[in-house]
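The lines below spell out each chain.
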Amino acid sequence: MTQYQTITIDVLGSPMEVLVFTPATTGPHPGLLLAQHIPMGHTGLENDPFTLTTAQRFAEAGYVVAIPFIFHWWPKSAPLELKREESRDDWMVADMQAGYEVLKSQPDVDPQRLGIVGHCWGGRVAWLAACHIRDIKALATFYGGNIGKALGAGNVPPLELASYIPCPVIGFFGNSDTNPSPLDVAGYSKALTQAGISHTFHQYDGAGHAFQNFPMPERYHAQASEDAWSKVLDFLAKHLHPGSAI
């Protein structure tokens, strides 16, 4: 596996780990802020093979990748149900903004070529973060559910913030998914269209939620997953120009 380093920073008084993957080649490289999903990673990123492998694949494609551990607000041993119930959008925005600063500060990163990617829970977090980080150049969201809902009192549903997204968007969804359902995905597209945000959505028949999540064979859909990988790399290459200097 591509080597990574762990950087610990303070977010609103709570220590947060950020894992940083760096390509083996000489920079400057474009950078990706990767929003983690939940199933295994809520107990620590080191316990999340999907997110680690995803970061490795992006690093091998020429990107510096930073992954903030957005569940640092609770002990790692705390139950997932508690973390779901108590999660707040304002905390996640703070986490992603702090992780973004770590990404920008890496010596091999070109700060003019940065994007955000996320899967599942992280697909929602990636959309939310893109509404608050003004200088990103690309957003890729994979089957993020509940984008039309706010988490935490006083917060606004990410869907209602679509006009603040400063970049093109690509999305990947399974047509057998129920959260987001195809109807939800149509709502996402409508919000982006109304906001004037360039976007392309890819939807896969026979694929359900988390179709890229290979550690869960009951969800994994190899054909859809590899097609999405090819398309997201093409999208990021177009908008972040990996391997070239600006």
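This is a predicted model, so every value here is computed, not measured.

Definitions and limits used
- Residues numbered from 1 in each chain as written.
- Predicted model: local features only at pLDDT ≥ 70, side-chain atom pairs only at ≥ 80, totals over all residues.
- Heavy atoms only, no water.
- Helix = DSSP H or I, 4+ residues; strand = E, 2+ residues; numbered from the N terminus.
- Buried < 20%, exposed > 50% of the residue type's maximum accessible area, 1.4 Å probe, protein only.
- Contact = heavy atoms within 4.5 Å.
- Areas by Shrake-Rupley, 256 points an atom, 1.4 Å probe, with all protein chains shown as cover.
- Lys, Arg positive; Asp, Glu negative; His and termini not counted.
- Charge placed at Lys NZ, Arg CZ, Asp CG, Glu CD.
- Phe/Tyr/Trp six-rings, centres within 6.5 Å; stacked < 30°, edge-to-face > 60°.
- Lys NZ or Arg CZ within 6 Å of the ring centre and 35° of its normal.
- Axes fitted to C-alpha atoms, helices over the stretch in contact; angles between N-to-C directions.
- Parallel < 35°, antiparallel > 145°, perpendicular 65-115°, else oblique.
- Nonpolar A, V, L, I, M, F, W, Y, C, P; charged D, E, K, R; others polar.
- Expected span 1.5 Å × (residues − 1).
- Core = buried A, V, L, I, M, F, W, Y, C linked by side-chain atoms within 4.5 Å.

Asks: Got a sec to walk through the overall build of the chain? Specific residues and values, please.
Replies: Scanning the chain from N- to C-terminus turns up six helices and eight strands. In the chain, the order of α-helices and β-strands from amino to carboxyl end is β-β-β-α-β-α-α-β-α-β-β-α-β-α. The buried share of the chain, reckoned over its 246 residues, is 54%. Of the contacts made within the chain by residues no fewer than 6 positions apart, 72% connect residues no fewer than 24 positions apart. Entry remark: accessible area of the chain is about 10,100 Å², with carbon and sulfur atoms responsible for 52%. Averaged over its 15 positive side-chain charges, the chain has a centre that lies 5 Å from the centre of its 23 negative ones.

Asks: Give me the packing of aromatic side chains: which residues, what numbers.
Replies: Throughout the structure, instances matching the rule amount to 16 aromatic pairs. Ring geometry for phenylalanine 69 against phenylalanine 71: centres 6.4 Å apart, planes inclined by 65 degrees, an arrangement best described as edge-to-face. Linked through ring pairs, Phe69, Phe71, Trp73, Trp74, Trp91 and Trp121 together constitute an aromatic cluster. The lysine or arginine in question, arginine 57, covers the ring of tryptophan 229, its NZ or CZ lying 4.1 Å from the ring centre. Geometry around phenylalanine 69 places lysine 76 over its ring, the cationic atom sitting 5.5 Å from the centre.

Asks: Which residues make up the packing of helix H3 (residues 89-105) against helix H4 (residues 121-130), and what are the values?
Replies: Across the interface, H3 lies against H4 with an axial gap of 10 Å and an inter-helix angle of 75 degrees. With respect to H4, the element H3 is oriented roughly perpendicular. Note on element contacts: H4 touches H3 through Trp121, Arg124, Val125, Leu128 and Ala129, opposite Asp89, Met92, Val93 and Met96. In the contact of H3 with H4, the residues fall into seven nonpolar, no polar and two charged.

Asks: Summarise helix H1 (residues 49-60); cite the residues concerned and give the values.
Replies: Between its first and last C-alpha atoms H1 spans 16 Å; for 12 residues at 1.5 Å apiece the expected length is 16 Å, and the two agree. Residues of H1 that are buried: Phe50, Thr51, Leu52, Thr54, Ala55, Gln56, Phe58 and Ala59. On its buried face, H1 sits against strand S1 (4-11), strand S2 (14-21), strand S3 (29-35), strand S4 (64-68), strand S5 (109-119) and helix H6 (222-240). Trailing H1 by a residue or two, glycine 62 shows a phi angle of about 110 degrees, which is positive.

Asks: Help me get a handle on the nonpolar core, residues and values and all.
Replies: Taken as a class, soluble globular proteins show a tendency for nonpolar side chains to be buried jointly. Counting 83 residues, the largest nonpolar core has Ile116, Ile165, Val232 and Leu236 as the members making the most contacts within it. Top contributing element to this core by residue count: H3, with eight residues. Those residues in contact with valine 232, other than ones at most four positions away along the chain, are Phe58, Ala140, Phe142, Ile170 and Phe172.

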